[in-house]
Amino acid sequence: MYYLIALVIFLFDQLTKWLIKTRMEIGDVHPVWGDFFVITSHRNKGAAFGILQGQQVFFLIITVVFVIGIFYYLHKTIKMGYKRVPLALSLMLGGAIGNFLDRALYGEVVDFLQFNFNFSVFGWKIDYIYPIFNIADAAIVSGTILILFDSLVTWRREIKEAKLAEATRKETTTNDPE
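Residues numbered from 1 in each chain as written. Predicted model: local features only at pLDDT ≥ 70, side-chain atom pairs only at ≥ 80, totals over all residues. Heavy atoms only, no water.

Novice: Honestly, the overall build of the chain in this entry has me stumped. Any pointers?
Specialist: From N to C terminus, the chain includes four helices and four strands. Secondary structure elements in the chain, listed N-terminal to C-terminal, are α-β-β-α-α-β-β-α. Taken over the C-alpha trace, the chain has a radius of gyration of 22 Å; the compact-globule value for 178 residues is 16 Å, which it surpasses by more than 25%. The dimensions of the chain, computed from C-alpha atoms along their principal axes, are 85 × 50 × 30 Å. Sorting the 178 residues of the chain into buried and exposed places 32% on the buried side. Carbon and sulfur atoms form 69% of the exposed surface of the chain, whose accessible area is close to 11,900 Å². Here the chain contributes 17 positive and 16 negative side-chain charges, whose respective centroids are spaced 3 Å apart. (Helix = DSSP H or I, 4+ residues; strand = E, 2+ residues; numbered from the N terminus. Rg over C-alpha atoms; globule rule 2.2 N^0.38 Å. Buried < 20%, exposed > 50% of the residue type's maximum accessible area, 1.4 Å probe, protein only. Areas by Shrake-Rupley, 256 points an atom, 1.4 Å probe, with all protein chains shown as cover. Lys, Arg positive; Asp, Glu negative; His and termini not counted. Charge placed at Lys NZ, Arg CZ, Asp CG, Glu CD.)

Take a look at the structure:
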């Protein structure tokens, strides 16, 4: 099931990128929700937020290593019976392969989701354009957030279990007649 989720993410990412490439010119902007959310045809030869422009070989090598690691941990966590971590890894896998294919075939990634924040808070004007991204990026970030969430939940559970074990140990030693 988790590999199917990765495949669906990959296919949806590639479909949306194909639609942008075939129906919009680079720089075209189509409002979806006023100026807040717009579809903007953009190409990125770098990493997230446009950093490391033109480092395609580096990205291809890193992505191959990343994908191999994801396959390994996905297989391992599925065998261990985890639920959230394999879901997170499947999101990350689909996204990583989607962006990898773009870089390998075209030397760039198609980005198109853009959010513009323009409002005032306590008299302070906020005018910020979030860097343009795509479905693969959103899947990778969502997977990362899900892993962080799972880590926090696991950490809290382990603390509770450790406290319970300590209380049980203390109770056993105080009631132990020697």
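That was the structure; now back to the text.
Novice: Explanation requested: the pattern of salt bridges in the structure shown.
Specialist: When their charged atoms lie close together, side chains carrying opposite charge are able to pair. Following the criterion strictly, the structure yields five salt bridges and no others. Through salt bridges that share partners, Asp-13, Lys-17 and Asp-102 make up one connected network. (Salt bridge = Lys/Arg side-chain N within 4 Å of Asp/Glu carboxyl O.)

Novice: Quick question: what am I supposed to make of the packing of helix H1 (residues 2-23) against helix H3 (residues 84-106) here?
Specialist: Two packed helices can be described by the angle between their axes and the distance between those axes. Relative to each other, H1 and H3 sit at 40°, their axes nearing to 8 Å. Once H1 is placed against H3, the crossing between them reads as right-handed. The residue inventory of the contact of H1 with H3, partitioned by class, reads 13 nonpolar, six polar and four charged. (Axes fitted to C-alpha atoms, helices over the stretch in contact; angles between N-to-C directions. Left-handed = near helix turned anticlockwise from the far one by under 90°. Nonpolar A, V, L, I, M, F, W, Y, C, P; charged D, E, K, R; others polar.)

Novice: Looking at this structure, how should I read the pairing of strand S1 (residues 29-33)?
Specialist: Along a regular strand, successive side chains alternate from one face of the sheet to the other. Counting buried residues in S1 gives zero out of five residues, a small share hidden from the surface. Pairing between S1 and strand S2 (residues 37-44): four bridges, direction antiparallel. Across the sheet, the residue bridging to His-30 is Ile-39, located in S2. As consecutive antiparallel partners, S1 and S2 are separated by three residues, and within that stretch Gly-34 has a phi angle of approximately 60°, a positive value. (Pairing = 2+ DSSP bridges.)

Novice: Please clarify how the side chain of Gln-14 should be interpreted in this entry.
Specialist: With respect to the helices and strands, Gln-14 occurs in helix H1. Looking at Gln-14, the relative accessible area reads 19%, which means it is buried. Within the structure, the side chain of Gln-14 is placed 3.2 Å from the side chain of Asp-13, a separation counted as a polar contact. Those residues in contact with Gln-14 that sit more than four places away from it in its chain are Gly-98, Leu-101 and Asp-102. (Polar contact = N/O pair within 3.5 Å; in protein donor to acceptor, adjacent residues only side chain to side chain. Contact = heavy atoms within 4.5 Å.)

Novice: For this particular structure, what's the right way to read the sheet that holds S2?
Specialist: The strands that make up a sheet are held in pairs by hydrogen bonds between backbone atoms, and each pair lies either parallel or antiparallel. With antiparallel pairing, the four strands of this open sheet are ordered in space as S1-S2-S3-S4. Two strands in the sheet have a free side with no partner beyond their single neighbour: S1 and strand S4 (124-129). Pairwise comparison of adjacent strand axes, ignoring direction, gives a mean angle of 30° for this sheet. One ladder, built from six bridges, connects strand S3 (residues 109-121) with S4; its direction is antiparallel. Residue Val-121 lies in a different strand from S4, and its bridge partner there is Trp-124. Contacts from H1 reach S2 and S3, with the element oriented near 90° to S3.

Novice: Sorry, what's going on with the pairing of S4 here?
Specialist: The element S4 is barely covered by neighbouring structure, given that only zero of its six residues are classed as buried. Hairpin connection of S3 to S4: two residues between the antiparallel strands, including Phe-122 at a positive phi of 50°.

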